[in-house]
Amino acid sequence: MQEKLGFIGLGIMGLPMALNLRRAGFTVAVYNRTRERAQALKDAGAFVCQSPKEVAEKTDIIFTCVSDTPDVNEVLFGKDGVAAGAKKGSVVVDMSTISPESTKRFAANLKMAGVDMLDAPVSGGETGAIAGTLSIMVGGKEEVFNRVLPYFQKMGKNIVLVGDNGAGQVAKACNQVVIAVTIEAVGEALMLAEKCGVDGRKVREALLGGFAGSKVLEVHGNRMLNDDYKPGFKAKLHRKDMGIVLDTAKNLQLPLPAATLVTLHMDEIIKQGGGELDSSAIFKALRKN
Ligand code: NAP
């Protein structure tokens, strides 16, 4: 019997992810707080629900992709939340990027109601979400992972069960450290080129073929050179992720000096009203200093 799928949170990421599930032929019920965002799913044949609770009542596997830890808490356990409607034996798959510690708590709370949970944050941005080529980092039990894998495969390519609940979010925190620090490194390199009077475009082109080559140099480097910071990944969301990184490290008394420095540059950009810009806009902060 084919399982019925639910999807809650149709933002930059959630909308194309849910569309990929629907276009693969699955029965999909969706909810988005701002109703208009659900129109594309309705047009594609998905059922639009009035609440997360209704999504849970109508489906077996409920995906969530909302902004931050308190938002996942609200969607799962708030008034008319998923927990109020979920059937025993159903699965919640949270694809948002949130705190690993809170994730463990959410999973334990759901388990008491007979509902399994996977944390399954993603990397690959809007382009990866549209193309169905996301990296998906999963935390949870292997049998639950295997049950959800066919659906993950419609949204992503590199799908790894990292460990138990929370481990997927830890992997995502590690991912965000690498991306943030690399954005800073690319920004500093392009600034050095500029100050030396050398064409940054040529420097980027030369570096892309060697060990310094990376997706960040390719994509974010291009944004910096074009001074075009249309998101992509909003600076305020990347800052939210760095908060998760630094809180997790602080609890372990682990200093992360490079991650701390980039976070300060993100704060600067956000203070200047750039929270909605792509996070590569920290290049603006670097240039000013
Ligand atoms: P986004 O475009 O800002 O969308 C956020 C979504 O969450 C919207 O559907 C929003 O509903 C919903 N939402 C937020 N708070 C809510 C609440 N309290 N109750 C109900 N719905 C709520 O963000 P996004 O870029 O899709 O990111 C979603 C998640 O994926 C985040 O955790 C982000 O860190 C992660 N992520 C993003 C990227 C990326 O490149 N964008 C890449 C990897 C991971 P409304 O429409 O009503 O506001």
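Residues numbered from 1 in each chain as written. Predicted model: local features only at pLDDT ≥ 70, side-chain atom pairs only at ≥ 80, totals over all residues. Heavy atoms only, no water.

1. Some remarks on helix 8 (residues 142-155)
This is how the line gets drawn: A helix here means a DSSP run of H or I that spans at least four residues, while a strand means a run of E at least two residues long, and both kinds are numbered starting from the N terminus. The span you would expect from a helix comes to 1.5 Å times its residue count less one. Fitting one axis to the seven residues ending at a residue and another to the seven starting there, the bend at that residue is the angle between the two axes.
Spanning 14 residues, helix 8 covers 19 Å between terminal C-alpha atoms, matching the ideal 20 Å at 1.5 Å per step. Leu 149 marks where helix 8 bends most, by close to 50°; the proline Pro 150 follows one to four residues later.

2. Concerning the packing of helix 12 (residues 235-251) against helix 13 (residues 257-271)
What counts, and what does not: The angle between two axes is taken between their N-to-C directions and runs from 0 to 180 degrees, where each axis is a line fitted to C-alpha atoms and a helix contributes only its stretch in contact. Crossing chirality is assigned from the near helix's rotation relative to the far helix, an anticlockwise turn below a right angle marking it left-handed and a clockwise turn marking it right-handed. Contact criterion: two residues are considered in contact whenever any of their non-hydrogen atoms come within 4.5 Å of each other. The nonpolar class holds Ala, Val, Leu, Ile, Met, Phe, Trp, Tyr, Cys and Pro. Asp, Glu, Lys and Arg form the charged class, and all remaining residues, Gly among them, are polar.
Where helix 12 contacts helix 13, the axes come no closer than 10 Å and their chain directions differ by 145°. For the pair helix 12 and helix 13, the sense of crossing is left-handed. Seen from helix 12, the contacting residues are Ala 235, Lys 236, His 238, Arg 239, Met 242 and Leu 246; seen from helix 13, they are Ala 259, Thr 260, Thr 263, Met 266, Asp 267, Ile 269 and Ile 270. Its residues placed into classes, the contact of helix 12 with helix 13 shows 7 nonpolar, 3 polar and 3 charged.

3. Examining the pairing of strand 1 (residues 5-8)
Heads up, the condition is: Exposure classes here rest on a 1.4 Å probe applied to the protein chains alone. A residue is buried below 20% of its type maximum, exposed above 50%, and partly exposed in between. In short, DSSP must find at least two bridges between two strands for them to pair. Handedness of a crossover: with both strands directed away from the viewer, a clockwise path from the first strand across the helix to the second marks it as right-handed.
Taking every second residue as pointing to the same face, both faces of strand 1 are buried, with Leu 5 and Phe 7 on one and Gly 6 and Ile 8 on the other. Relative to strand 2 (residues 28-31), strand 1 runs parallel, the two being bridged by 4 bridges. Directly across from Gly 6, in strand 2, lies its bridge partner Ala 29. Remark: the strand 1/helix 1 (residues 14-23)/strand 2 crossover connection has right-handed handedness. Direction of pairing for strand 1 relative to strand 4 (residues 61-64): parallel, over a ladder of 4 bridges. Along strand 4, the bridge assignment pairs Phe 7 with Phe 63.

4. A few points about the pattern of salt bridges
Note the following rule: For this document, the term salt bridge refers to a Lys or Arg side-chain nitrogen within 4 Å of an Asp or Glu carboxyl oxygen.
Counted according to the given criterion, the structure contains 14 salt bridges. Close ionic contact of Asp 164 with Lys 141 constitutes a salt bridge, the shortest N to O distance being 2.8 Å. Of this pair, Asp 164 sits in the loop between strand 9 (156-163) and helix 9 (167-195) while Lys 141 sits in the loop between strand 8 (134-139) and helix 8, and the two are 23 residues apart along the sequence. In this structure Asp 164 comes out as partly exposed when scored by relative accessible area, which is 41%. Arg 287 serves as the salt-bridge partner of Glu 194, at 2.5 Å between the closest nitrogen and oxygen. Taken together, the residues Glu 194 in helix 9 and Arg 287 in helix 14 (residues 282-288) connect sequence positions 93 residues apart.

5. Some words on the layout of surface pockets
Applicable threshold: A cavity, in this analysis, means grid points on a 1 Å lattice covering only the protein atoms where a 1.4 Å probe fits yet has no way out; a pocket is instead an open set bounded by protein on both sides within 12 Å along at least five of seven lines, and a residue lines either one if it has an atom within 4 Å of a point. Grid points are joined across faces, edges and corners, and a volume is the space filled by probe spheres set on the points. In this document the domain limits rely on a domain assignment from an automatic tool or a database.
The space that makes up the second largest pocket amounts to roughly 400 Å³. Along the walls of the second largest pocket sit 19 residues, with Pro 100, Ile 244, Val 245, Thr 248 and Ala 249 positioned nearest its centre. Those elements that provide at least two residues to the lining of the second largest pocket are helix 6 (100-112), helix 9 and helix 12. Residue contributions to the lining of the second largest pocket peak at 7 residues, all from helix 12. Taken together, the residues that form the lining of the second largest pocket break down as 11 nonpolar, 5 polar and 3 charged. Mapping the lining of the second largest pocket onto the domain boundaries places at least three of its residues in each of domain 1 (5-162) and domain 2 (171-288).

6. Comments concerning the domain arrangement of the chain
Quick reminder of the rule: Buried area is a sum: the accessible area each of two parts loses on coming together, probed at 1.4 Å, counted once for each and added. As used in this structure description, the phrase polar contact means that two N or O atoms lie within 3.5 Å; if the pair is within protein, one of them must be able to donate a hydrogen and the other to accept it, and residues adjacent in sequence are counted only when both atoms belong to side chains.
Segmenting the chain into domains produces domain 1 (5-162) and domain 2 (171-288). In this structure, domain 1 and domain 2 have C-alpha centres spaced 28 Å apart. Contact between domain 1 and domain 2 buries roughly 910 Å² in total, counting both sides, with carbon and sulfur atoms accounting for 66%. Three residues, Ile 12, Thr 97 and Met 137, lead the burial of domain 1 against domain 2; their summed loss comes to 43% of the area buried on that side. Here domain 1 is connected to domain 2 by 0 salt bridges. Where domain 1 packs against domain 2, one counts 4 residue pairs in polar contact (both at pLDDT 80 or more). Here the side of domain 1 that touches domain 2 is built from residues that sort into 7 nonpolar, 4 polar and 1 charged.

7. A word on the site of the ligand
Short version of the rule: A cutoff of 4 Å decides nearness: a residue is near a molecule or strand if any of its heavy atoms lies inside that distance of it.
In the vicinity of the ligand lie 25 residues, with Ile 12, Asn 32, Thr 34, Ser 67 and Lys 240 positioned nearest. Residue Lys 234 places a side-chain N or O atom 3.3 Å away from an oxygen atom belonging to the ligand. Residue Lys 240 places a side-chain N or O atom 2.8 Å away from an oxygen atom belonging to the ligand. Where the shell around the ligand is concerned, the elements lending two or more residues are helix 4 (69-77) and helix 12. Across the shell around the ligand, the residue classes break down as 9 nonpolar, 9 polar and 7 charged.

8. Some details on the nonpolar core
Short version of the rule: For the purposes of this section, nonpolar cores are sets of buried Ala, Val, Leu, Ile, Met, Phe, Trp, Tyr and Cys residues that join through side-chain atoms within 4.5 Å.
Grouped together as the largest cluster of nonpolar side chains are 36 residues, with contacts concentrated most on Phe 7, Met 17, Phe 63, Val 93, Met 95, Ile 136 and Phe 152. Residue assignment for this core shows that the elements contributing at least two residues are strand 1, helix 1, strand 2, strand 4, strand 5 (91-94), strand 8 and helix 8. Sequence-distant contacts of Phe 7, defined by excluding residues within four places in its chain, comprise Gly 14, Met 17, Ala 18, Leu 21, Ala 29, Val 30, Tyr 31, Val 55, Phe 63, Cys 65 and Met 155. In this structure, Ala 173, Leu 190, Met 224 and Leu 286 belong to the second largest nonpolar core, which totals 22 residues.

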